[in-house]
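Geometric and topological summary
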Amino acid sequence: MRQFTIEFHGYDRAEVNTFVQKTSDAVASGDPARQARARADAQAVSFHVVLRGYNRQEVDHYLRRIAKGQPDDRT
């Protein structure tokens, strides 16, 4: 699973983990419809900001790459 840095204020880890797992499954499926949906979801998703969450810039970078249909550059 994709790893992000934990910081004092960041995106909710459980929300991000669930989204990344769902997106990874869709991309790996090879199904063009699921992949297109994952790209659309990456453009529309938002996460709560919490204490001890994931680095927002790292997660946002991941979302931009998925939305463009590019493979994740760090797993």
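First, a word on what this report is: a plain description of the structure on this page. Everything quoted here is computed from the prediction, not taken from an experiment.

**Looking at the overall build of the protein**
When helices and strands are tallied, the protein shows three helices and two strands. From first element to last, N terminus to C terminus, the protein shows the α and β order β-α-α-β-α. Over its C-alpha atoms the protein spans a radius of gyration of 12 Å, differing by no more than 12% from the 11 Å that the globule rule assigns to 75 residues. Referenced to the eigenvectors of the C-alpha coordinate spread, the extents of the protein come out at roughly 35 × 20 × 15 Å. The buried share of the protein, taken over its 75 residues, is 32%. Counting only contacts in the protein whose residues sit at least 6 apart along the sequence, the fraction spanning at least 24 positions is 73%. Carbon and sulfur atoms make up 50% of the accessible area of the protein, which amounts to about 4,800 Å² in all. With 12 positive and 10 negative side-chain charges, the protein shows a separation of 2 Å between the mean positions of the two kinds.

**Comments concerning unusual backbone geometry**
For R52, which is not a glycine, the phi torsion comes out positive at approximately 60°. Position of R52 among the secondary structure elements: in strand 2 (residues 49-54). By relative accessible area, R52 is classed as partly exposed at 49%.

**Topic: the pattern of salt bridges**
Evaluation of the coordinates by the stated rule reveals two salt bridges. The partner of D41 in a salt bridge is K22, with the nearest N and O atoms 3.5 Å apart. Placement of D41 in helix 2 (residues 32-44) and of K22 in helix 1 (residues 13-29) is noted, with a sequence separation of 19 residues between them. Across the pair D41 and R37 runs a salt bridge, and its minimum N-O distance is 3.3 Å.

Analysis parameters
- Residues numbered from 1 in each chain as written.
- Predicted model: local features only at pLDDT ≥ 70, side-chain atom pairs only at ≥ 80, totals over all residues.
- Heavy atoms only, no water.
- Helix = DSSP H or I, 4+ residues; strand = E, 2+ residues; numbered from the N terminus.
- Rg over C-alpha atoms; globule rule 2.2 N^0.38 Å.
- Buried < 20%, exposed > 50% of the residue type's maximum accessible area, 1.4 Å probe, protein only.
- Contact = heavy atoms within 4.5 Å.
- Areas by Shrake-Rupley, 256 points an atom, 1.4 Å probe, with all protein chains shown as cover.
- Lys, Arg positive; Asp, Glu negative; His and termini not counted.
- Charge placed at Lys NZ, Arg CZ, Asp CG, Glu CD.
- Salt bridge = Lys/Arg side-chain N within 4 Å of Asp/Glu carboxyl O.

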